[in-house]
Amino acid sequence: MGEELTPTVIVRVFVPNKDRERVEAVERICEVGPSGKLSLFTDMLGDPICRVRNSPAFLMLVAEIGEEIVGMIRGCIKTVACGKRLSRNGKHDTNAKHVPVYTRVAYILGLRVSPNQRRMGIGSKLVQRMEAWFRDNGAEYSYMATENDNLASVKLFTDKCGYSRFRTPSVLVNPVFAHRARVSPKVTIINLSPSDAEVLYRRRFATTEFFPRDIDSVLNNKLSLGTFLAVPRGSYRAETWPGPDLFLSDPPRSWALASVWNSKEVFTLEVRGASRVKRTLAKTTRVVDRALPWLRLPSIPDLFRPFGFHFMYGLGGEGPEAVKMVKALCGFAHNLAMDKGCRVVATEVSPNEPLRCGIPHWKMLSCEEDLWCMKRLGEDYSDGSLGDWTKSPPGMSIFVDPREV
């Protein structure tokens, strides 16, 4: 008997018109959930690159054996804050302030390999080719995100690809009820223009880890529904908003802001595997909630059909009542999502985030410990004023870019 030949795997750039249908077929095969358990399925609405398309630079690769696509990977590159340093105007300057230290970082997502083609090194080949593109485009670091219990993914990246466990943010998800959420009458919410929002973000949060240097592009994107500022009632009003400069020169005792991204226009989600009993119970909660909205009873939205969601990003605030301001913003975001036909509102924050206790969420829908793994792509890079980012301790907050959610 002759030796069995190892099939040749070709990794190349994704060609939309040629590859779309075959890529979607692989996605469907990879998303078959375990029998008897709830599973979350994603519909990219006919655009396999949708989750990176809004990034400054992006690429999608496919792995091919003959005429069959057996795997794919997406990646993007951006410039973000990785630390901070003191800036002084002169040797004797006593008004030194912290300014961000930026680096080019790459993000890997959407790695898929057909179940019947696994354990052939296809995943590793896809990662290696993507990393080569990252290096060619000046990225110093690469990171990926996965569920902490996705052992196969964690093992691939940490054991075979040289990544290290880096951060463990929390994905907090809150359902959109059939009734409107209460927003404290003691809080005023102001819808900021993108230019005013940019000033606030750069002045107060530019040193937050992963803060994007092109925050203006994020805020001006058509998917960004706005940035909203919460202040104590009586301090500022939308009609008399003085602009960010005067606001920061005389801010109220407490304030908070957050932006909202319309992920519903990018892709939809669907929960599968629920029993008829669970579906019926969920429907009953919605019927009661709609009939008696003044009771503000929690209800389970219909997550068993394709649904969209809004993502809150750029959450921040100052002052002793900042948590109260955040809670009002979350109520406002709930009502905005309700008006737009979304069924959940999600956000992602650092486990050390001081404002997270103001973010309502359901534990059963959330992920308390997502896992980000990171790798330094080249040892020839200078350590600069920060050193090796992969070895730095986590900060209090983290900025999650909505373009790659």
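Conventions and cut-offs
Residues numbered from 1 in each chain as written. Predicted model: local features only at pLDDT ≥ 70, side-chain atom pairs only at ≥ 80, totals over all residues. Heavy atoms only, no water. 1 Å grid on protein atoms, 1.4 Å probe; cavity = no way out; pocket = protein on both sides within 12 Å on 5 of 7 lines; lining within 4 Å. Points joined across faces, edges and corners; volume = space filled by probe spheres on them. Nonpolar A, V, L, I, M, F, W, Y, C, P; charged D, E, K, R; others polar. Helix = DSSP H or I, 4+ residues; strand = E, 2+ residues; numbered from the N terminus. Core = buried A, V, L, I, M, F, W, Y, C linked by side-chain atoms within 4.5 Å. Buried < 20%, exposed > 50% of the residue type's maximum accessible area, 1.4 Å probe, protein only. Contact = heavy atoms within 4.5 Å. Arc of directions from axis to C-beta. Expected span 1.5 Å × (residues − 1). Patch = residues over 30% accessible without salt bridge, like charges linked within 9 Å, V, L, I, M, F, W, Y side chains within 5 Å. Areas by Shrake-Rupley, 256 points an atom, 1.4 Å probe, with all protein chains shown as cover. Salt bridge = Lys/Arg side-chain N within 4 Å of Asp/Glu carboxyl O. Lys, Arg positive; Asp, Glu negative; His and termini not counted. Charge placed at Lys NZ, Arg CZ, Asp CG, Glu CD. Pairing = 2+ DSSP bridges. Axes fitted to C-alpha atoms, helices over the stretch in contact; angles between N-to-C directions.

Glancing now at empty space enclosed by the protein. Going through the model one piece at a time under the given rule, you end up with 2 cavities of 30 Å³ or more. Looking at the largest cavity, its volume works out to about 60 Å³. Taken together, the residues of the lining of the largest cavity break down into 7 nonpolar, 2 polar and 2 charged. In terms of lining residues, the second largest cavity is bounded by Phe228, Ala258, Val260, Met312, Leu329, Phe332 and Ala333. Elements represented by at least two residues in the lining of the second largest cavity include exactly β11 (255–262) and α8 (322–339). Among the elements that make up the lining of the second largest cavity, the one with the highest residue count is α8 (3 residues). A class-by-class count of the residues in the lining of the second largest cavity yields 7 nonpolar, no polar and no charged.

A general trend in soluble globular proteins is that nonpolar side chains are found buried together. If you look at the biggest cluster of nonpolar residues, it comprises 66 residues, and the most contacted ones within it are Tyr201, Phe210, Leu229, Phe247, Met374 and Trp389. Looking at which element gives the most residues to this core, the answer is strand β4 (residues 68–87), with 6 residues. Once residues lying within four places of it in the same chain are set aside, the contact partners of Tyr201 are Ala206, Phe211, Ile215, Leu219, Thr227, Leu257, Ala258, Ser259, Tyr313, Gly314 and Phe399. Counting 29 residues, the second-largest nonpolar core is a separate cluster that includes Ile65, Ile122, Met130 and Trp133.

With that settled, the discussion passes to helix α4 (residues 194–204). Buried within α4 are the following residues: Asp196, Ala197, Leu200 and Tyr201. When α4 is viewed along its axis, its buried side chains cluster within an angular range of 135° and face the same direction. As for α4, its buried residues are in contact with β9 (187–192), α5 (215–220), β10 (224–232), α6 (244–249), β11 and β13 (309–318).

In this section: helix α7 (residues 276–291). In a regular helix each residue adds 1.5 Å, so 16 residues correspond to 22 Å; α7 covers 23 Å between its end C-alpha atoms and thus fits that length. Of the residues making up α7, those classed as buried are Ala282, Arg286 and Asp289. With its buried residues spanning 65° around the axis, α7 presents them on a single face. The outward face of α7, more than 90 degrees from its buried face, is lined by the exposed residues Arg276, Val277, Leu281 and Lys283.

With that settled, consider a positive patch on the surface. A cluster of like positive charges, contributed by Arg182, Lys186, Arg296, Lys324 and Lys327, occupies part of the molecular surface. Looking at the secondary structure, you find Arg296 in the loop between α7 and β13. Overall, Arg296 belongs to the partly exposed group, its relative accessible area being 42%.

With that settled, the discussion passes to the sheet that holds strand β15 (residues 370–376). Strand order in the open sheet formed by 7 strands is β1-β3-β4-β5-β6-β15-β7, with mixed pairing between adjacent strands. Edge positions in the sheet fall to β1 (10–13) and β7 (164–167), since each has one partner strand and no second. Neighbouring strand axes in the sheet, compared pairwise and without regard to direction, differ in orientation by 35° on average. Judged from the 3 bridges that link them, β7 and β15 form a sheet pairing that is antiparallel. Its bridge partner lying in β15, Arg167 is registered against Trp372. Helix α3 (residues 151–160) rests against β5 (97–113), β6 (141–147), β7 and β15 of the sheet, and its axis sits at about 160° to β6.

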